Structures are given as structure tokens and as C-alpha cells.
Amino acid sequence: MFYREAGQFKASYAADQAILPIRQDKVGVLLLFAFALVIVPFIAPLYWLNSILIPFLIFSLAALGLNILTGYCGQLSLGTGGFMACGAFFSYKLTIAFPEVNIIVVFLLAGLGTAMVGVLFGLPSLRIKGFYLAVATLAAQFFLIWMFNKFGWWTNYSPSGVISAPPREVFGNVTVTGSSAPPEYKYIFLLLLVSFLALLAKNMVRSRVGRSWMAIRDMDIAAEIIGIRPMLAKLSAFAVSSFMIGISGALWAFTYTGSVEALAFDINRSFEVLFMIIIGGLGSIMGSFMGAAFIVLLPILLDNLPALLGIPLSIEMVSHLRLVIFGGLIIFFLIVEPHGLARLWQIGKEKLRLWPFPY
Amino acid sequence: MNQTAPSEMAEKDPKAPPERSFGEPMLTVDNISLSFGGVKALTNISFNILEHEIRAIIGPNGAGKTSMLNVINGFYHPQEGTITYKGNVRRAMRPHMAAAQGIARTFQNVALFKGMSTLDNIMTGRLLKMHNVRAPETGVWGLDHVLSFGAGALDFVTQCLYWGPNEKEEIRQRTYCEEIIDFLEIQDIRKTPVGRLPYGLQKRVELARALAMEPELLLLDEPMAGMNVEEKEDMSRFVLDVNDEFGMTIALIEHDMGVVMDISDRVVVLDYGRKLADGTPDEVRSDQGVIDAYLGVAH
Amino acid sequence: MNPRTLIIGIGSGLLAIPAVGFLIQGLSQLDSAIFFAWDFYAEVVVKGLLQGVMYALVALGFVLIFKASSIFNFAQGAMVLFAALAMVGFMEWGVHWILAFLLAGVVMVLVAFLIEKVVLRPMVNQPHIILFMATIGIFFVLDGVGQTIWGSNVKALDIGISRQPIVAFQGSLLPNGMFLDPTELVAAVVGALMVALLAVLFQYTKVGRALRAVADDHQAALSVGIPLKTIWAIVWSVAGIVALVAGVMWGSSLGVQFSLSLIALKALPVLILGGFTSIPGAIIGGLIVGAGEQVGEVFLGPLVGGAIQDWFAYMLAMLFLLFRPQGLFGEKIIERV
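As the structure is a prediction and not an experimental result, all values here were calculated from the model. Per chain, residue numbering runs from 1 following the sequence as it is written. Each chain gets a letter, beginning with A, and each ligand a number, beginning with 1, in the order they are written. It should be noted that, the model being predicted, local features are given only for residues of pLDDT at least 70 and side-chain atom pairs only at 80 or more, the latter also being counted only at that level, while totals for whole chains, interfaces and linings use all residues. To obtain the side-chain values, all non-hydrogen atoms of the structure were included, while hydrogens and water were left out.

1. Topic: the overall build of chain B
Right, on to step 1. Working definition: helices are DSSP H or I runs of at least four residues, strands are E runs of at least two. Numbering for both runs from the N terminus. Each helix and strand in chain B was counted, giving 11 helices and 10 strands.
Right, on to step 2. Only protein chains enter the accessibility calculation, which uses a 1.4 Å probe; a residue is then buried when its area is under 20% of its type maximum, exposed when over 50%, and partly exposed in between. By the burial criterion, 49% of the 299 residues in chain B qualify as buried.
Right, on to step 3. Residue pairs at least 24 apart in sequence account for 66% of intrachain contacts in chain B once pairs closer than 6 positions are excluded.
Right, on to step 4. Computing the positive centroid from 30 side-chain charges and the negative centroid from 43, chain B places the two 6 Å apart. Working rule for contacts: check all heavy atoms of both residues, and any pair within 4.5 Å makes them a contact. Only four residue types enter the charge count: Lys and Arg as positive, Asp and Glu as negative, with His and the chain ends excluded. A single reference atom marks each charge: NZ on Lys, CZ on Arg, CG on Asp, CD on Glu.

Put into C-alpha cells, the structure is as follows:
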């Protein structure tokens, strides 16, 4: 009754192809964004900002990047961690060498650098498909982490091997990076940056470039007959994806942990982001956000659950059980809705259209 | 009645089909031989397809008909022989070259993008014709490459920003695709993911996607397979309309003899990778070799 | 695989080893950081080959499951760990190791049935990537449950294999002979036996034929009356027992510990090289990866600071893929339109 499209007719193709064609959706999303931008920074407790919202935004960007490559273009990649590390270390070297350059520009340049690395490791995709490609991307993952660990040049020969991200400012004296930056500034900065990149992603996905990606994913042989050049489509997917993942890695180091270390970007990170897009929904922009939220919130929930339920458990036991429950939830999720939270959301909206009627 | 004046004859026989005129040979295959390992799929096949005609390729299963189309398309590269398309002689085609030069194709087992909607599938057919930013052609070799690279990059940026030249182009192409949708009467399924459509409709969407490429030569691989009488009549009508209105040259593989005899101008018969007969439907129908091969009992 | 291919394969393998040796010898003349001596090289190669057999033991489990259900079982490594933990658990109760082995085998069969019932059955027609993700879920569950039941300390697994290195091949070429690890020798023998057994199973038994049919096309197999669920339970049980054998060998060598489950990641390049669907391929791939890794690490590693075995196998596999996407013995992927 409330969520009806009745009366909303589209008189032009432009209106039909809008990102949010249903008026309720458009209003809802804009309100949510306004709320997130204006109200949340002031009312959210520090813990929420630091440990939930900031990593959520960063992971959403990484998930977005991986979704473009794996969800939209069908190229399975397990190298996400390695590309995040690229973004982090490129940003570090650039900003230490050129401290006056605006940090946003630094991030964008680091993203471009990661895009080039991504294209390089994406070249095998021209010959290899499916799981075999996943192995090639694993080669990228292991090699990149080894390289960043091995060569002291990346950490400017720091004796401890761990370097802290320097504080940088945007628009005058608004510090957004480094451990000294206030979380509210970091949060707003991230919100704006991630939303902007998500908008670009959505535009790409509904344009020609996105369609050629999806054509490659669905049937790359048929795509060739249409005139799509598989090389161009696949490498552009790798490039765009690595760009976003690289920036997310830089943000991880600069605005979340405050330190740049290769260990944070190991194979577990790659799997984590892959889980996000599978659970959130492959081939869905919104799904990337939902999956990121799920993976960020789940461990916190699991850690607090025994306390809430009043069951005393040792820390070791909790970490073991967390593994079991995490694995069990993944299996459960994949059985119940293999297309992820985004599909569940769509089904929910379908039901909402009819509510309160049953059918 | 023995002798009647031509004008009277025309009046007396209004159902006589209008004169069809064909142009030069658009595609000629000469002595094409194709083998996979030890299996010879095609042996010394030569025939041509004239502009504006509807050419049928028929033969029993396994005769090599789909392989022939795959050679024309560029999926398979023949070991011997040449393909002459629009005057250019080639040893082999490449799929995206074929697409760029105006060859479009449908498949026996519908090759649609199952994850996308009908409209999106048809829009992918427009890919080669869509440009947000056009590079000027200067004719200078190196400069042209640089300009087209720059145009490509700028094009990508406009897609990221969507509103502006990209949206205009999208709407322009959408309008074109909607005309095709109207033509093939598939308006009510335009937003449905094609994976959910019944087989007959999927074949129609595939035809729509091929038409969206604005081809000069349309290759149809068993477009009427698995359809009932009504659907076959609809599809035949579409094929004839496409040939009539757009002047498109059509090569089609088909098993239904009624359809073949009705709509095609000339027929090529293949059997075990060799050419058995080549001529008008009537000539082929009365060829003893063809009858022996498989036209035994009436459908 | 016909005898001619086998001979060509073995022949080229035997030629490749000295060829690589000459190559490295040449490099060592150019760069002083590389040290080369023929007896040292031989020892490294043999050590690598034996290490490779250990990898292959794990890879065999992958191949089994992939061959019969086209699922890439990421949990294979966790199964190795779980099986080894079970066996050590029984041995800690004072059970003799042969009995513990059998009991652990029973445990793995039970685990297989459970996996089939809870995970595989509800996900029958899902695309492969979803099934792959499900096996990652199984990985976490097995890992967590194993650690909950048996704790996460390193445990010793002693089945009576001597720890003294055996000196072999003493002769004019190798005056000091070569030091060989008995555990790895036993593993080689065991590996060869298992490959033979599995090959016989797949080629010559009714069950094997059913397994191959299921791997090819689930629906077609169902329509000729092959009981899909039973077949899957059988395959995962066999894979579980293979995992147990691998777990025993690795556990004897390294001790039973968490990092065992990460062996799965090492098995991947083996599978790439050998082909995902080939049992002999798993062994050959393992040999190549093992030898390649050792030689690379020992001779080329010092050039770049060492620890290249992290990624060397993967790079090798990736380069290989570029020339032969289906691996040495895998089935060629033909795409029909």
C-alpha cells in the first residue's frame, strides 16, 4: 500500500533508465544519505565511528571493486589483498616524497598505479578462465605481499618494518588521515569519497562498458560476434576494479589502521572481500555495501553474543566457535539465497509492494 | 488458354510473386575445407550468396552446415580455401572483424546473455555503432591512432559521468532498439531477464540482437527449431520482412522443408561435408542426389 | 593416458633435470651469488621430488572430488588436518596407531556423509563458484570444530618411522651420498600405491564408472539411475581417507598443527600443472612443483633475498597455464556454440 509504483509512469527513456526509478526509492536513498552525512557524525558513539562505520565504508569500496571484476565481468580474482597493498604502499611513497600534494590526488594516483598493476596481472585472463584464473590471481597476491615485505625501499627502510601513515589535510586544516585525525572528519571524508566512486561505478555499469562486461561474463564467445573485443573488456574490468581496490587499500592504511603494513593485506583479506560480494550479491552495486556491512558486523556480533547470552567462554573457545559459526553462516546463506542479500532485498521490495495483502 | 496478352496474364494471376532482383555476390566461399584432428567437417565447398537474396543451407544432421556458418563468421579457420566478402579475399575471418564488417549471426542453441534483460541484450548489439566521442579522421596514420585512443579514454570518462553526451547516446540507441522491439513484437518482455523467457521468445530476442547490429549479411542457424506452426509462420514473416524492408541478405540453416521451399530464393545442400546441390528450391527438390540423400518422405 | 605419452613424459622429465642443472651452472659462472655443485644439486632435486610427493598426496583428494563432482574442495586442507587430529586424538587415548588409523578413517567417512547431507544435497544445481564458496565455509567449520575438540597445540604424530636420515646413492658421483628423510621415502611409496589403487578404482570398477558419469553430467547420470547422493558420499569418503593418509605423512613430518590446513594453498599449483581431473597428473604436478620450488629457493632465492617459495610455485603454474590452460593431463576445454 505504501510502496506502490501505481501512478508513476515514465514519459521518457531518460526517466525509465534512471538509477532510482521508483519515487519512494529515490526519496528514501536521498534521505538516508542526508542522514548519514549530516546527523550521524554528531550522534554516533566513537566506537561505532571507529570500528564499524569507517571500516564498513572502506570495505564497501573494496567490495565494489571486486564486484566489478568478478560479479559484472565474471573474472574470479583472489588477489584483492595484494592490490589493496599496492594502493597503500604507492600512496605512502607518493605522499612522503611529495608532502604538499593534496592527499586526494595522491590516492587517485595510487589508484591509477594499482590499475596498471591490475592490468598486468589480468593479462592471463585472456587465455585462462574460471578457477585457473583464480590461481593466477593468487600468484599476484603472494608475489605482491612478498615484494612489499622483502624490499625495505617500500617502508623507507624503517627499522621496525611498520610505518605509520602521516597526517594529511584536505580543504585547509581538516585532517583526515593518520591516527591523529578526528573520526568525524575521517568518516565524512570517506562517506563522500566512497559515495562518489559508487556513483561512478553505477554509471559505468549501466553504460556500454558495463554491458560489455556482463556480455563477457555471460557468454564470451557470443560477445565476440557482437563486436566486443574480449581483451579490451576484460582488461578494462581489471583496471577499474584494481583502481577502486587500490584506493580502498590506501584508505585502510591512512584512515583506519593508521599504519601501512603488508600483513594487513594477506590472503585472508582477499577471501574476506570475496565473501562480501558473494553474500551481498554478485553483480550488484548495492550488494557490495550490504555484504560489507554483514562481514563487518558479524564478528562484533559473534564476539558479544556469549556475553549477551550469559554463557561464560574462554577467549580461545570464542575464537574457535567464531570460525565454526562463520563457516556455518556462509553455508547457510549460500543454500538459502545464493544470489545474496541484494536479491533478498529485491524480494523484500516485491513483498512490500503488495503489503499488507498476501498476494 | 494458350496465348494471353501479358497484361491480362498479370491481372489473371494476382498471386504471382513479385519479381525479385539480386545484386552482386556479397559472399563467396571457394574450395573451403575444414577438419578437426582427423574429422573432415567440410570438403571443397564452394558457393556464393547474392546481395538481397535469401539463401538456405540444408542437409542432414552432421552435414557441416553450422561449421560452414562458423567459417563465414570467423570462429573456425579453414585449412584450405578462401572467403571473399564484399570484394575482399581472405584465408579466414575473425569474429569481431566479421561483426565490424556487417555480418550478424544467431545460434542453434540460443547464445543470449542470460543474466541481462531483453532490452540490454539488444542494446549490446548496438555496441559497435555507439560512440559518445568521435575522433576526427585525419588520414595521418600515427595521429589517427593517438586520436582514437584519446577519444576512447574520453568516451570512458563520459560513461562514468553518465549525464551528458553519454545519456544522449544511450537514449538515441534505445530509440533505435525500441523500433526493432516493435518490429518483432516483443514489447512486453523488454525488461525480463532472458533466462526466464520461453525458447521461442529467446530466439526472437536473438534475432532482435542480430538486427540491432544493422548487418548487411544475416546468418541464421536454425531460427525455427523447436517452434510450433504458428511461431514458425511468425518467424518466417519476420525473416521475409527483414529481407524486404531492410534489403538484408540472409543465409539460413533450416530443417523444415516447407519453410525452406517457401521463403528461400536459392538453396545449397550439404551432406557429409560435401556440396550435393546448388540452385533454386525447385531445382534442388527435383535433384536425384538430394532426394536420395534425405528428401525421401514428404514432411 | 597411453604408454607412449608416459614414456615421452618420463623421458622429458629425466632430461629436464640435468638440463636445468646445466642452466644453473651457467648462471653461477655469471653471478657469484649463485653457488652450484652437482652433488648438492642432486640432493636438492631429490629432496624437492620427495616434498612434491607430499604435495601430491593432498592434491589427490582435490582431484577425486573435482573429478566426481566438479567441485573445487577448498576444505581438503582442513580435512587433512581434521583427520590427523582425529588419529592423534585416538592415539592419545593409548590406542595403537593402526587401530587409530582405522578409527580416524571411520570418522572421515562420517564427516563425508554429514557434508553430503547438510551442504551438497541442498546445493545440487548451483553454479560452481557458489559451491566453491560453500567449501570455504566447510573449511572454517572443520577448522573450528577440530580446534574445539582437540585444542590448537602442535601434536606429534609418531607411527614408528625412524627420524634418522638415510644415506643413499653413495658412489663416485656423490662421494658423501645423499641424505634422505625416511618419512618422505615412506610417503613416496604410499603415494605410488594410492595412485595405483585410485586409478584402478576409476577405470575398472562399476563405482568408478558411475563416478566419472556423475562428474560429466549430474542430470544425465541421474536419468540413467545412478544414485547421485550415494556417489557423492562415496567420493567424499574416499577423499577423506586420502586426506587421512596425507595427514599421517605430513603429521609425521611436521607435527600436527593448524598450518596443515593451509597446505591446500600449496596444492593448487600442483593441480594447475597436472590438470584438475587427472590422478597421475596430481603426482607429476606435485613432483614438478616440489622440485621446482626447492631448486628455485636454494639456487635462485639468494638473488632476491630468499623466501621465494611463497610465490614461486604459483608463478610457475601461471606461466604454464599460458601455454596449456588445461594442465599437463587435464581434459581439454572445448567450447561449442
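What follows continues from the structure just given.
2. Overview of the overall build of chain A
Right, on to step 1. A count of helical and extended segments in chain A gives 13 helices and 4 strands.
Right, on to step 2. The dimensions of chain A, computed from C-alpha atoms along their principal axes, are 65 × 60 × 45 Å.
Right, on to step 3. Residues classed as buried in chain A amount to 55% of the 359 residues present.
Right, on to step 4. When contacts within chain A are restricted to residue pairs at least 6 apart in sequence, those whose partners lie at least 24 apart make up 74%.
Right, on to step 5. To be clear on the numbers: accessible area is Shrake-Rupley with a 1.4 Å probe, and residue cover counts the displayed protein chains and nothing else. With the model as given, the accessible surface of chain A reaches about 15,200 Å², and the carbon-plus-sulfur share is 71%.
Right, on to step 6. Separation between the mean location of the 23 positive side-chain charges and that of the 16 negative ones in chain A comes to 8 Å.

3. Let's talk about the interface of chain C and chain A
Right, on to step 1. Taken residue by residue, the interface counts 48 residues in chain C and 37 residues in chain A.
Right, on to step 2. Summed over both partners, the accessible area (1.4 Å probe) lost when two parts come together is defined as the buried area. Taking both sides of the interface into account, the surface hidden between chain C and chain A amounts to around 3,900 Å²; carbon and sulfur atoms contribute 82%.
Right, on to step 3. When residues of chain C are sorted by the area they lose upon contact with chain A, Met133, Phe140 and Trp311 of chain C head the list and together hold 15% of the total.
Right, on to step 4. Should a side-chain nitrogen of Lys or Arg be within 4 Å of a carboxyl oxygen of Asp or Glu, the pair is scored as a salt bridge. Counting the contacts that link chain C with chain A gives 0 salt bridges.
Right, on to step 5. Side-chain atoms alone can form a polar contact between residues adjacent in sequence; in general such a contact is a pair of N or O atoms within 3.5 Å, and within protein one must be able to donate a hydrogen while the other accepts it. Along the contact surface separating chain C from chain A lie 1 residue pair in polar contact (both at pLDDT 80 or more).
Right, on to step 6. Of all the secondary structure elements, the ones that give two or more residues to the side of chain C that touches chain A are helix H4 (97–120), helix H5 (128–150), helix H10 (263–274) and helix H12 (312–323) of chain C.
Right, on to step 7. Broken down by element, the side of chain C that touches chain A gets its largest block of residues, 16 residues, from H5 of chain C.

4. Describing helix H3 (residues 46–72) of chain A
Residue and element names in this part refer to chain A.
Right, on to step 1. A residue's bend is simply the angle between two axes: one fitted to the seven residues ending at it, one to the seven starting at it. Within H3, the axis deviates most sharply at Leu66, by approximately 35°.
Right, on to step 2. Counted residue by residue, H3 has 21 buried out of 27 residues, so it is predominantly covered.
Right, on to step 3. After H3 finishes, the residue Gly74 shows a positive phi value of roughly 75°.

5. Structural notes on the packing of helix H4 (residues 118–125) of chain B against helix H7 (residues 199–212) of chain B
In a pair of packed helices, the angle between the axes and the distance between the axes together describe the arrangement.
All names here are of chain B.
Right, on to step 1. Where H4 contacts H7, the two axes come as close as 7 Å, and the packing angle between them is 30°. On the basis of the axis angle, H4 is roughly parallel to H7. Judged by the twist between their axes, the crossing of H4 over H7 is right-handed. Contacts from Thr118, Asn121, Ile122, Thr124 and Gly125 of H4 reach H7 at Val205, Ala208, Arg209 and Ala212.
Right, on to step 2. Classes in brief: Ala, Val, Leu, Ile, Met, Phe, Trp, Tyr, Cys and Pro nonpolar; Asp, Glu, Lys and Arg charged; the others, Gly included, polar. Residues of the contact of H4 with H7, tallied by class, amount to 4 nonpolar, 4 polar and 1 charged. Axes here refer to lines fitted to C-alpha atoms; in helices the fit is confined to the stretch in contact. Angles between the N-to-C directions go from 0 to 180 degrees. For this classification, under 35 degrees means roughly parallel, over 145 means roughly antiparallel, 65 to 115 means roughly perpendicular, and everything else is oblique. Two helices crossing with the near one rotated counterclockwise from the far one by less than a right angle form a left-handed crossing, whereas a clockwise rotation gives a right-handed crossing.

6. Focus on the sheet that holds strand S10 (residues 274–279) of chain B
All names here are of chain B.
Right, on to step 1. The criterion for strand pairing is that DSSP finds at least two bridges linking the strands in question. Taking strand neighbours across the sheet as the criterion, the 6 strands line up as S6-S7-S8-S3-S9-S10 in an open arrangement whose pairing is mixed. On the outer flanks of this sheet lie strand S6 (103–105) and S10, each paired with one strand and no other. On average, each strand axis in the sheet is tilted by 15° relative to the strand beside it, whichever way the strands run.
Right, on to step 2. In the packing of H7 onto the sheet, the strands contacted are S6 and strand S7 (217–221), and the crossing angle to S7 comes to about 160°.

7. Some thoughts on the sheet that holds strand S4 (residues 80–85) of chain B
All names here are of chain B.
Right, on to step 1. Spatially, S2-S1-S4-S5 is the arrangement adopted by the 4 strands of the open sheet, whose pairing is antiparallel. At either margin of the open sheet sits one strand with a lone partner, and together these are strand S2 (39–50) and strand S5 (88–90). Direction aside, neighbouring strands of the sheet carry axes that sit 15° apart on average.
Right, on to step 2. Examined bridge by bridge, strand S1 (residues 25–36) and S4 share 5 bridges and lie antiparallel to one another. Within S4, the residue paired with Leu27 across the bridge is Tyr85.
Right, on to step 3. Packing of helix H2 (residues 65–73) onto the sheet brings it into contact with S1, S2 and S4, and relative to S1 it is tilted by some 115°.

8. Observations regarding the interface of chain A and chain B
Right, on to step 1. Taken residue by residue, the interface counts 30 residues in chain A and 40 residues in chain B.
Right, on to step 2. Summed over both sides, the interface of chain A with chain B buries roughly 3,200 Å², with 62% coming from carbon and sulfur.
Right, on to step 3. At the boundary of chain A and chain B, one finds 2 salt bridges.
Right, on to step 4. In this structure, Glu170 of chain B engages Arg211 of chain A in a salt bridge whose closest nitrogen and oxygen atoms are separated by 3.0 Å.
Right, on to step 5. Inspection of the region where chain A meets chain B yields 7 residue pairs in polar contact (both at pLDDT 80 or more).

9. With respect to the confidence of the model for chain B
Residues and elements named next belong to chain B.
Right, on to step 1. Chain-level statistics for chain B give a pLDDT mean of 84 and a share of 92% at 70 or above.
Right, on to step 2. The score called pLDDT rates the predictor's confidence residue by residue, from a low of 0 to a high of 100. Long-range and interchain partners of residues 1–12, a stretch whose pLDDT sits below 50, account for 3 contacts in this model, where long-range means more than four residues apart.
Right, on to step 3. Predicted complex metrics record ipTM = 0.80 and pTM = 0.85.

10. Considering the packing of aromatic side chains
Right, on to step 1. Stacked, edge-to-face and tilted are the three classes for Phe, Tyr and Trp ring pairs, Trp counted by its six-membered ring, which pair at centre distances within 6.5 Å; planes under 30 degrees apart are stacked, over 60 edge-to-face, the rest tilted. Enumeration according to the criterion identifies 34 aromatic pairs over all chains in this entry.
Right, on to step 2. An aromatic cluster is defined as three or more aromatic residues linked by ring pairs; in this entry it consists of Phe271, Phe275 and Phe326 of chain A together with Phe62, Phe66, Phe72, Phe74, Phe132, Phe139, Phe140 and Phe276 of chain C.
Right, on to step 3. Put simply, a charge is over a ring when the Lys NZ or the Arg CZ is close to the ring centre, within 6 Å, and near the line of the ring normal, within 35 degrees. Sitting over the ring of Trp153 of chain A, Lys93 of chain A keeps its end group 4.0 Å from the ring centre.
Right, on to step 4. The residue whose ring lies beneath Arg209 of chain B is Phe113 of chain B, and the NZ or CZ to ring-centre distance is 4.8 Å.

11. Here's the deal with the packing of helix H10 (residues 267–280) of chain A against helix H12 (residues 315–336) of chain A
Residue and element names in this part refer to chain A.
Right, on to step 1. As a packed pair, H10 and H12 sit with axes 10 Å apart at the nearest point and diverge in direction by 35°. Judged by the twist between their axes, the crossing of H10 over H12 is left-handed. Facing H10, whose interface residues are Phe275, Ile278 and Ile279, H12 presents Phe326, Ile330, Phe333 and Leu334.
Right, on to step 2. Of the residues contributing to the contact of H10 with H12, the split by class is 7 nonpolar, no polar and no charged.

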